[in-house]
Amino acid sequence: QRYLVPGLLDGHMHIESTMLTVSEFVRAVIPHGTTSVFIDPHEIANVFGLPGVKLMADEAAKQPIHVWVQMPSCVPSAPGLETPGASLGPQDVAEAMNWDQIIGLGEMMNFPGVYFSDEKMHAEMGETRRAGKVIGGHYAAPDLGLPFHGYVAGGPEDDHEGTRMEDAVARVRQGMKAMLRYGSGWLDVAEGVRAITEMGLDPRRFILCTDDLHCETLVTEGHVNRAVKQAIAHGIPPITAIQMATLNTADHFGVSRQVGMIAPGRFADILIVSNLTELCTDLVIARGQIVAKNGAQCSFPQLLPEFAASLDQNLFEYPDWAKQSVHLGQALVASNFRLLAGKSLPQNASKAVANVIGVIENQAPTRHLRLEVTVDSGEVRLDRTQDIAKVAVIERHKGT
């Protein structure tokens, strides 16, 4: 017994997070049944600005699967706080909206700017509306009161930052599409699908995505197929879970006349699946071409050798300026990473109280902690017993 399944769509992700180029990313995800992705290249935009986005769009256009690009909306994401290599504004958004690969505006991370009526943010969304394209959302706050309502009214049409059932419910009830992400670091599907399984909300308003995946996860576990299996494991019927990573996504971005279903006039992006619950893919067809077959039951399919060879021949060539973008003022040495205790501490102090970023396992939000740390010769040390590590940010754009 076999099932025909539409090729899977990832509704929101950043290829830069995989640490791969677009070409190598595509090579990695095809065997997992991914035939369309919607990418927001705001990381490369942080370095190169509009030329970086164009570079990503040009590489996307050469791929054997559909790679649609969202124009980054917030570069820099925190003006005045960070030191990016470039900045983008409404004129850049207006220009990019004319490019073939641009499907909409990337996640609107400056959510305070939206509900406080920041002129630049609203101008970017205005340009996107004029182009008839989708405005991506990013409301990373637990407050579902007036700020949230103001954000939704401002224009964003989807959101992937919810980590609680009530987040998913609020987004859908306010007319947004709730994107439930299952990446390497944030595993939000289980909570999000409760809006469907417990609250009875319409699953057509929900989309599965990955947001950020590390290359190791791609190789060892899979891509958006992981999110589909996670939804099924938490009570979503297999057909509905597949819909949340195919037709729902295609409808949202206005491309259901091309992808997202097995129907006349669409691209032949089709998976032949032997087990719907585990999504065991026997065959992957992309744009009518058989590209991957599996060797054993429920193992990952392998790219066909002749198809892999054609990918090798069509590798995108990056210009030198894109490969020489890290500019340090001086060589980094161990002493650059010393963390000195406050001057108000006694000279022989062995302990101090420090601000610590508290990780919430498998979620994006963090906690603000105040913890006692070890001090030795005026320097704060790592503390493995409390799992306290140091983190550093290096200015790599202008050599400052």
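Presented here is a report on the structure given in the accompanying data block.

Rules used throughout
- Residues numbered from 1 in each chain as written.
- Predicted model: local features only at pLDDT ≥ 70, side-chain atom pairs only at ≥ 80, totals over all residues.
- Heavy atoms only, no water.
- Helix = DSSP H or I, 4+ residues; strand = E, 2+ residues; numbered from the N terminus.
- Rg over C-alpha atoms; globule rule 2.2 N^0.38 Å.
- Buried < 20%, exposed > 50% of the residue type's maximum accessible area, 1.4 Å probe, protein only.
- Contact = heavy atoms within 4.5 Å.
- Areas by Shrake-Rupley, 256 points an atom, 1.4 Å probe, with all protein chains shown as cover.
- Lys, Arg positive; Asp, Glu negative; His and termini not counted.
- Charge placed at Lys NZ, Arg CZ, Asp CG, Glu CD.
- Pairing = 2+ DSSP bridges.
- Disulfide = S-S within 2.5 Å.
- Phe/Tyr/Trp six-rings, centres within 6.5 Å; stacked < 30°, edge-to-face > 60°.
- Lys NZ or Arg CZ within 6 Å of the ring centre and 35° of its normal.
- Core = buried A, V, L, I, M, F, W, Y, C linked by side-chain atoms within 4.5 Å.
- Patch = residues over 30% accessible without salt bridge, like charges linked within 9 Å, V, L, I, M, F, W, Y side chains within 5 Å.
- Salt bridge = Lys/Arg side-chain N within 4 Å of Asp/Glu carboxyl O.

Quick look at the overall build of the protein now. Broken down by element type, the protein carries 16 helices and 16 strands. The C-alpha radius of gyration computed for the protein amounts to 23 Å, which stays within 12% of the reference 21 Å derived for 400 residues, consistent with globular compactness. Here the C-alpha coordinates of the protein stretch approximately 75 × 50 × 45 Å along the principal axes. Buried residues in the protein amount to 51% of all 400 residues. In the protein, of all internal contacts separated by at least 6 residues, the share reaching a separation of at least 24 is 67%. Total accessible area computed for the protein in this model is approximately 18,800 Å², and 52% of it derives from carbon and sulfur atoms. Treating the 33 positive side-chain charges of the protein as one cloud and the 46 negative ones as another, the clouds have centres 1 Å apart.

Ordered by their spatial adjacency, three strands build an open sheet running S14-S15-S16, and the pairing between neighbours is antiparallel. Strands at the two margins of the open sheet, each flanked by one partner only, are strand S14 (351–359) and strand S16 (379–380). The sheet contact formed by strand S15 (residues 366–376) and S16 spans two bridges and is antiparallel. Bridge assignment links Asp376 to a residue of S16, and that residue is Glu379.

In a beta sheet, neighbouring strands are held together by backbone hydrogen bonds and run either parallel or antiparallel to one another. Strands sit in the order S1-S10-S11-S12-S13 across an open sheet of five strands; the sheet is antiparallel. If you trace the sheet from one side to the other, it starts and ends with strand S1 (3–6) and strand S13 (302–303), each paired once.

Here the focus is the state of the cysteines. Applying the stated criterion across every chain yields a total of one disulfide. Looking at Cys74, it has no disulfide partner, and the nearest cysteine sulfur is the one in Cys209, 17 Å off.

Counted according to the given criterion, the structure contains eight aromatic pairs. Geometrically, the ring pair formed by Tyr139 and Phe148 is edge-to-face, given 5.3 Å between the ring centres and 65 degrees between the ring planes. Comparing Tyr139 with Phe148, the two get one shared label, buried. Here the aromatic rings of Tyr139 and Tyr151 are separated by 5.4 Å at their centres, their planes lie at 40 degrees, and the arrangement is tilted. Highlighted residues: Tyr139 in the loop between strand S6 (134–137) and helix H7 (146–154) and Tyr151 in helix H7, separated in sequence by twelve residues. Note on Tyr139: relative accessible area 1%, which makes it buried. One aromatic cluster is present, formed by Phe111, Tyr139, Phe148 and Tyr151 through successive ring pairs. Across from the ring centre of Phe267, 5.4 Å away, lies the NZ or CZ of Arg287, which sits over that ring.

The biggest cluster of nonpolar side chains holds 89 residues, and the ones touching the most others in it are Met71, Leu180, Phe206 and Leu208. If one sorts the elements of this core by residue count, helix H3 (residues 50–61) sits on top with six residues. Excluding its chain neighbours within four sequence positions, the residues that come into contact with Leu208 are Leu9, Asp10, Gly11, Leu180, Val189, Val224, Ala227, Val228, Ala231, Ala241, Met244 and Ala245. Membership of the second largest hydrophobic core comes to twelve residues, among which are Trp68, Met179, Ala250 and Val259.

Along the chain, Ala349 falls in the loop between helix H16 (320–323) and S14. Look at Ala349 and you get buried, because its relative accessible area is 18%. Between the alpha carbons of Ala349 and Val326 there is a distance of 38 Å; along the sequence they are 23 residues apart.

Before going further, it helps to spend a moment on a nonpolar patch on the surface. A contiguous nonpolar patch, built from Val326, Leu328, Leu332, Phe337 and Ile394 and spanning about 400 Å² of accessible area, is present on the exposed surface. In this structure, Val326 sits in the loop between H16 and S14. For Val326, a relative accessible area of 54% puts it in the exposed group.

Mapped onto the fold, Asn248 is located in helix H14 (residues 247–253). Sequence-distant contacts of Asn248, defined by excluding residues within four places in its chain, comprise Pro203, Arg204, Phe206, Ile207 and Gln243.

Okay, the pattern of salt bridges next. Scanning the entire structure with this criterion turns up 19 salt bridges. For the salt bridge of Arg204 with Asp251, the shortest nitrogen-to-oxygen distance reads 2.8 Å. Taken as a pair, Arg204 in the loop between helix H10 (194–197) and strand S9 (206–209) and Asp251 in helix H14 lie far apart in primary sequence, 47 residues in all. Across the pair Glu379 and Arg338 runs a salt bridge, and its minimum N-O distance is 3.2 Å. Remark: Arg338 occurs in the loop between H16 and S14 and Glu379 occurs in strand S16; sequence separation between them is 41 residues. Overall, the relative accessible area of 10% leaves Glu379 in the buried class. Within the structure, one salt-bridge network assembled from shared partners comprises Asp159, Arg164, Glu166, Asp167 and Arg171.

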